[in-house]
Structures are given as C-alpha cells and as structure tokens.
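# Analysis of the macromolecular model
As a plain string of letters, each chain reads:
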Amino acid sequence: MPCRAASLAAVATTTGEYPFAHRQRVRFGETDLQGVVYYANYLLFAEVGRVAYLRALGIDYNRDLLGQGVDFTIGEASVRYQAPLRFDDEYDIRVRVGEIRNSSWTFEYAFDRADGQRCAIGSTVQVILDHVTGKATRIPPHLREVLERAKAA
C-alpha cells in the first residue's frame, strides 16, 4: 500500500464536518517535559476516538468483527501537529470516515481544544484481516454498509 502522507493536506483543508466528537481531558502522564502532550499520544487519542466512534455506529467488536472471522489492524497512521495541548486541557477527538476500499478504510481525525483551537489532524488506515490466516480480506458487508452510511452522513 503506498504512503498517503501527502494526502494529509487534503484532510487539513477539507471543510466537511466531523460527525462524531468524543470529549477528553489531557492527563499529566500524557505530557512531556515541555508540558505539552507528547507527540505519539495523538495516536492513542485516535484509538480512543476510533473505538468510541465504532461503538456509536453500532459496531460491536466481538459480534461484527471476531464473530465474522475477521479482525483489523492499523496499516498506516499519520498526524500533523498545529497547536499544543497541555495538561488538563479539555479537547475533542473528532472522527469521520474517509476512503473505503476493498479490504481497508480510512478514519480521519481532528483534535480540537475545547476553545475551538485545532491542535492536530490525522488519519489511520484500518485493514481487515482474516482471523485465521492473518491475511487481508474484504470488509464484511455489514461493516461496509455501516461505514458507507457514516461517510454519506
């Protein structure tokens, strides 16, 4: 799969809304010596948002993935930083569905402080794997339908 880091600019300039937001607060352990969120923690924030968004879409991990003989892994992750988040800041992890392919889909994220300041944008590519073979396989029909409906919303 080719690197899509260059497509992050498209995420940054897209005016479309993020239909889902999950409010969090920066914990002290997520900050570095400069007092700002350590850069790698944005990938953890993306995971928190991804799981919460899937849950809000009605996707149950055990039922809709493992129960269908599949799982997913992250095939690619990108973050572009714009402004700092600091200890005790409230922020929203905003999530939307991006490109949907045969065996993968993209989630796009915006990390916004509660005052509205955009602090970072990012994306992850989820790749569906056959649970037995560990090889990429097609997105199950039910999951594809949910993702396409969310993307169209």
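Residues numbered from 1 in each chain as written. Predicted model: local features only at pLDDT ≥ 70, side-chain atom pairs only at ≥ 80, totals over all residues. Heavy atoms only, no water.

Bringing the sheet that holds strand 2 (residues 70-81) into the picture now. Pairing is antiparallel across the open sheet formed by 5 strands, whose spatial order is 1-3-4-5-2. The sheet is open, and its two edges are formed by strand 1 (20-25) and strand 2, each paired on a single side. Strand after strand, the sheet turns through a mean of 25° between neighbouring axes, direction not considered. As judged from the 8 bridges shared by strand 3 (residues 90-100) and strand 4 (residues 104-113), these two strands associate in the antiparallel manner. What sits directly across from R94, in strand 4, is A110. Against the sheet, helix 2 (residues 41-56) touches strand 1, strand 2, strand 3, strand 4 and strand 5 (118-130), its axis set at about 70° to strand 3. Contacts from helix 4 (residues 141-152) reach strand 3, strand 4 and strand 5 within the one sheet, and its direction differs from that of strand 3 by about 115°. (Pairing = 2+ DSSP bridges. Helix = DSSP H or I, 4+ residues; strand = E, 2+ residues; numbered from the N terminus. Axes fitted to C-alpha atoms, helices over the stretch in contact; angles between N-to-C directions. Contact = heavy atoms within 4.5 Å.)

Overall, the predicted model of the protein chain reaches an average pLDDT of 91, with 90% of residues at or above 70. Contacts of residues 1-15 to residues separated by more than four positions or lying in other chains number 25 contacts, the stretch itself having pLDDT below 50. (pLDDT = per-residue confidence, 0-100.)

The next point concerns the packing of aromatic side chains. Under the definition given, this model contains 11 aromatic pairs. Note on Y38 and Y39: the rings are 4.7 Å apart at their centroids and 50° apart in plane angle, and the pair reads as tilted. Note on Y39: relative accessible area 51%, which makes it exposed. Centre to centre, the rings of Y42 and F111 are 5.3 Å apart; their planes meet at 75°, and the pair counts as edge-to-face. In this pair, Y42 sits in helix 2 while F111 sits in strand 4, placing the two residues 69 residues apart along the sequence. Of the two residues, Y42 and F111, both sit in the buried class. Of note, R96 hangs over the ring of Y18, and the distance from its end group to the ring centre comes to 4.0 Å. (Phe/Tyr/Trp six-rings, centres within 6.5 Å; stacked < 30°, edge-to-face > 60°. Buried < 20%, exposed > 50% of the residue type's maximum accessible area, 1.4 Å probe, protein only. Lys NZ or Arg CZ within 6 Å of the ring centre and 35° of its normal.)

What follows is about helix 2. A rise of 1.5 Å per residue sets the reference length of helix 2, with its 16 residues, at 22 Å; its end C-alpha atoms lie 23 Å apart and thus fit the reference within 8%. Where helix 2 is buried, its residues touch strand 1, strand 2, strand 3, strand 4, strand 5 and helix 4. (Expected span 1.5 Å × (residues − 1).)

The next subject is unusual backbone geometry. Within the chain, D88 stands out as a residue other than glycine whose phi angle is a positive 75°. With respect to the helices, strands and loops of the structure, D88 is situated in the loop between strand 2 and strand 3. On the accessibility criterion, D88 (39% relative accessible area) is partly exposed.

A few words on the pattern of salt bridges. Tallied over the entire structure, the rule returns 13 salt bridges. Taking the shortest distance from any N to any O, the salt bridge between D88 and R25 comes out at 3.4 Å. Here D88, found in the loop between strand 2 and strand 3, pairs with R25, found in strand 1; they are 63 residues apart in sequence, far enough to count as distant. Across the salt bridge formed by R27 and E30, the nearest N and O atoms sit 2.7 Å from each other. Residue R27 is classed as exposed on the basis of its relative accessible area of 56%. Classification of E30 by relative accessible area gives buried; the value is 9%. (Salt bridge = Lys/Arg side-chain N within 4 Å of Asp/Glu carboxyl O.)

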